[in-house]
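Here are the chains, one letter per residue:
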Amino acid sequence: MADGHNLYGVLHGNPSLAVKGLVMVFNPTDKELQQEITLPLYYTGLSGDATVSERDGRGVKTKLDRQYRITLTPKVAPHSNTWFLIR
């Protein structure tokens with residue numbers, strides 16, 4: 001839940017596309033924040049592992065847990081955002 005004091009985000013998943021998921025993470029505060037977030041990827045159709053890239057960066061292969069989740073720890077500048085592509 002967005003409270004104006006922490007990072008918040010939106011996850012879009014579509015198993016029919018090459019990019020299975022898009023995560024937008026926002027920082028509404030006046031300071032840089034880095035927080036761990038857990039992403040449920042069940043509806044992306046991925047199992048086993050996912051390749052995650054921040055913005056247009058290099059992809060990093062990450063194992064999904066038994067509940068089809070991964071954990072990210074994004075660092076986001078004040079009043080800014082970042083995004084992740086999940087393949």
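Residues numbered from 1 in each chain as written. Predicted model: local features only at pLDDT ≥ 70, side-chain atom pairs only at ≥ 80, totals over all residues. Heavy atoms only, no water.

**Q** How should I be thinking about the nonpolar core in this particular structure?
**A** A general tendency of soluble globular proteins is for nonpolar side chains to be buried together. Counting residues in hydrophobic clusters, the biggest one holds 16 residues, and the most contacted among them are Val-25, Leu-39, Leu-41, Ile-70, Leu-72 and Ile-86. Within the residue set of this core, elements represented by two or more residues are strand 2 (21–27), strand 4 (37–40), strand 5 (49–54), strand 7 (69–72) and strand 9 (80–86). Ignoring sequence-local partners within four residues, the contact set of Val-25 consists of Leu-7, Tyr-8, Gly-9, Ile-37, Pro-74, Val-76, Ser-80, Asn-81, Thr-82 and Phe-84. (Core = buried A, V, L, I, M, F, W, Y, C linked by side-chain atoms within 4.5 Å. Buried < 20%, exposed > 50% of the residue type's maximum accessible area, 1.4 Å probe, protein only. Helix = DSSP H or I, 4+ residues; strand = E, 2+ residues; numbered from the N terminus. Contact = heavy atoms within 4.5 Å.)

**Q** Before we go on, may I ask you to explain unusual backbone geometry in this structure?
**A** Positive phi, close to 50°, is recorded for Arg-55, a residue that is not glycine. By secondary structure assignment, the location of Arg-55 is in the loop between strand 5 and strand 6 (60–63). The phi torsion at His-79 lies on the positive side, around 50°, for a residue other than glycine. Counting through the fold element by element, His-79 comes out in the loop between strand 8 (75–76) and strand 9.

**Q** Got a minute to help me understand the pattern of salt bridges in this structure?
**A** Pairs can form between side chains of opposite charge whenever their charged atoms are close. In the structure shown here, the tally under the stated rule is two salt bridges. Taking the shortest distance from any N to any O, the salt bridge between Arg-69 and Asp-65 comes out at 2.9 Å. Overall, the relative accessible area of 32% leaves Arg-69 in the partly exposed class. (Salt bridge = Lys/Arg side-chain N within 4 Å of Asp/Glu carboxyl O.)

**Q** How should the packing of aromatic side chains be read in this particular structure?
**A** In this description, a pair of aromatic rings is defined by centroid distance and the angle of the planes. Counted according to the given criterion, the structure contains three aromatic pairs. Three or more aromatic residues joined by ring pairs form one cluster here, namely Tyr-42, Tyr-43 and Tyr-68. (Phe/Tyr/Trp six-rings, centres within 6.5 Å; stacked < 30°, edge-to-face > 60°.)

**Q** Would you explain the environment of Lys-75 in this entry?
**A** With respect to the helices, strands and loops of the structure, Lys-75 is situated in strand 8. On the basis of relative accessible area, Lys-75 is assigned to the partly exposed category, the value being 48%. Sequence separation between Lys-75 and Asn-27 is 48 residues; the distance between their C-alpha atoms is 9.2 Å. Discounting residues that sit within four places of it in the chain, Lys-75 has contacts with Glu-32, Leu-33 and Gln-34.

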